[in-house]
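Here are the chains, one letter per residue:
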Amino acid sequence: MRLFGVFLCVLLLAGCSLPLRPVEINSEQHESQLYHIKLSRWSEPRFSGLLALQASAEGLHYALLDATGVTLLSARVSAAGEHHLLQAYGPFQQSSLPEVLSHALFRIVQAEPNQLPCATNWLVRFCQRQKDGYFSKKASTGLATMWQVEYDQEQWTTASYSSPWIGFALQLTARKTVNLN
């Protein structure tokens, strides 16, 4: 019985990768955006501040700032979704938030199924749909949602992300275009 449990865990972990396709970033997305960000855990607000985000063909670069503009952490996310922490201060040094935030931002900005509207890889179904100017992305296994995203791609003014399995949610609201160079 124990061997069956180990086999089932290995099968679930192997089936959790997303069927992704490379995303082409157009020149307008190379501009940096400043967003108001709200993070919550199990529906309880945990953080509110600013997020500077720049997308490029190489991936994402972001900085999380408090409401006064002080940088709390910065990281890069490769085009393949790999997280690279550049700086973290205070409680963010020992926190799992930088990695969770990196995965969420990658899924919002760059993750797309390798076949539209839906692609399946073992147990994971990954879909992207458009309706009334809004886009949604959803990764699920069976009837359970692993994570989901809703955003306005036309203006890139709002985006929301939730991962019900870990109770994590974030909301982004665009503030203005900034130049990080």
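To be clear, the structure that these remarks concern was listed above.
Each chain has its residues counted from 1, running along the sequence as written. The predicted origin of the model limits local features to residues at a pLDDT of at least 70 and limits the giving and counting of side-chain atom pairs to 80 or more, whereas totals for whole chains, interfaces and linings rest on all residues. Each side-chain value is worked out from all heavy atoms of the structure, with water and hydrogens disregarded.

1. What about the overall build of the protein?
1) Next: Secondary structure summary: the protein contains 2 helices and 11 strands in total.
2) Next: Starting at the N terminus and ending at the C terminus, the protein contains elements arranged as α-β-β-β-β-β-α-β-β-β-β-β-β.
3) Next: For each residue, the accessible area found with a 1.4 Å probe, counting protein chains only, is set against the maximum for its type, and the residue is called buried under 20%, exposed over 50%, and partly exposed in between. Counting every position in the protein, which comprises 181 residues, the buried fraction comes to 39%.
4) Next: Note on contacts: a residue pair is in contact if any heavy atoms of the two residues lie within 4.5 Å. Counting contacts in the protein only where the partners sit at least 6 residues apart, residues at least 24 apart contribute 42% of the total. Helix and strand assignments come from DSSP, with helices taken as H or I runs of at least 4 residues and strands as E runs of at least 2, each series counted from the N terminus.

2. Remarks on the environment of F135
1) Next: Turning to its location among the elements, F135 is positioned in strand β8 (residues 134-141).
2) Next: Distance in space between the C-alpha atoms of F135 and D152 is 6.2 Å, their sequence separation being 17 residues.

3. Some thoughts on the nonpolar core
1) Next: Buried Ala, Val, Leu, Ile, Met, Phe, Trp, Tyr and Cys residues form a nonpolar core when they are joined through side-chain atoms within 4.5 Å. Judged by nonpolar contacts, the single largest core of 38 residues is most densely connected at L51, Y62, L64, L101, I108, L170 and L172.
2) Next: The biggest single contributor to this core is helix α2 (residues 97-109), with 7 residues.
3) Next: Filtering out sequence-adjacent residues up to four positions away, L101 remains in contact with I37, L39, Y62, L64 and L170.

4. Some points on the side chain of D152
1) Next: Position of D152 among the secondary structure elements: in the loop between β9 (144-151) and β10 (158-163).
2) Next: In this tally, Lys and Arg are treated as positive and Asp and Glu as negative; His is ignored, and so are the chain termini. The salt bridge definition used is simple: a Lys or Arg side-chain nitrogen within 4 Å of an Asp or Glu carboxyl oxygen. Although D152 is buried, it forms no salt bridge, and the closest oppositely charged side chain is K137 at an N-O distance of 13 Å.
3) Next: Under the rule applied, a polar contact is a pair of N or O atoms within 3.5 Å (in protein, one hydrogen donor and one hydrogen acceptor; residues adjacent in sequence only if both atoms are side-chain atoms). A polar contact of 3.3 Å, which involves the side chain of D152, links it to the side chain of T157.
4) Next: Once residues lying within four places of it in the same chain are set aside, the contact partners of D152 are G133, Y134, T157 and T158.

5. Some words on the pairing of strand β5 (residues 83-88)
1) Next: For two strands to count as paired, DSSP must find a minimum of two bridges between them. The pairing of strand β4 (residues 71-78) with β5 spans 5 bridges and is classified as antiparallel. Paired with L73 across the two strands is A88, which belongs to β5.

6. Description of the side chain of S102
1) Next: Here S102 shows up in helix α2.
2) Next: Assessed through its relative accessible area of 1%, S102 is described here as buried.
3) Next: Separated by 2.7 Å, the side chains of S102 and H83 make a polar contact.
4) Next: Contacts of S102, omitting those with residues within four sequence positions, involve Y62, A75, V77 and H83.

7. Side note on the pattern of salt bridges
1) Next: Counting across every chain of the model gives 1 salt bridge.
2) Next: Residue R46 is joined to E44 by a salt bridge in which the shortest nitrogen-to-oxygen separation is 3.6 Å.

8. Points about unusual backbone geometry
1) Next: That bond from L116 to P117 is cis: its omega, 0 degrees, falls within 30 degrees of zero.
2) Next: Looking at where P117 falls in the secondary structure, it is placed in the loop between α2 and β6 (118-121).
3) Next: Even without being glycine, W42 reaches a positive phi, approximately 50 degrees.
4) Next: Note on W42: relative accessible area 55%, which makes it exposed.
5) Next: Unusually for a residue other than glycine, S43 sits at a positive phi of about 70 degrees.
6) Next: Its location among the elements puts S43 in the loop between β1 (32-41) and β2 (44-56).

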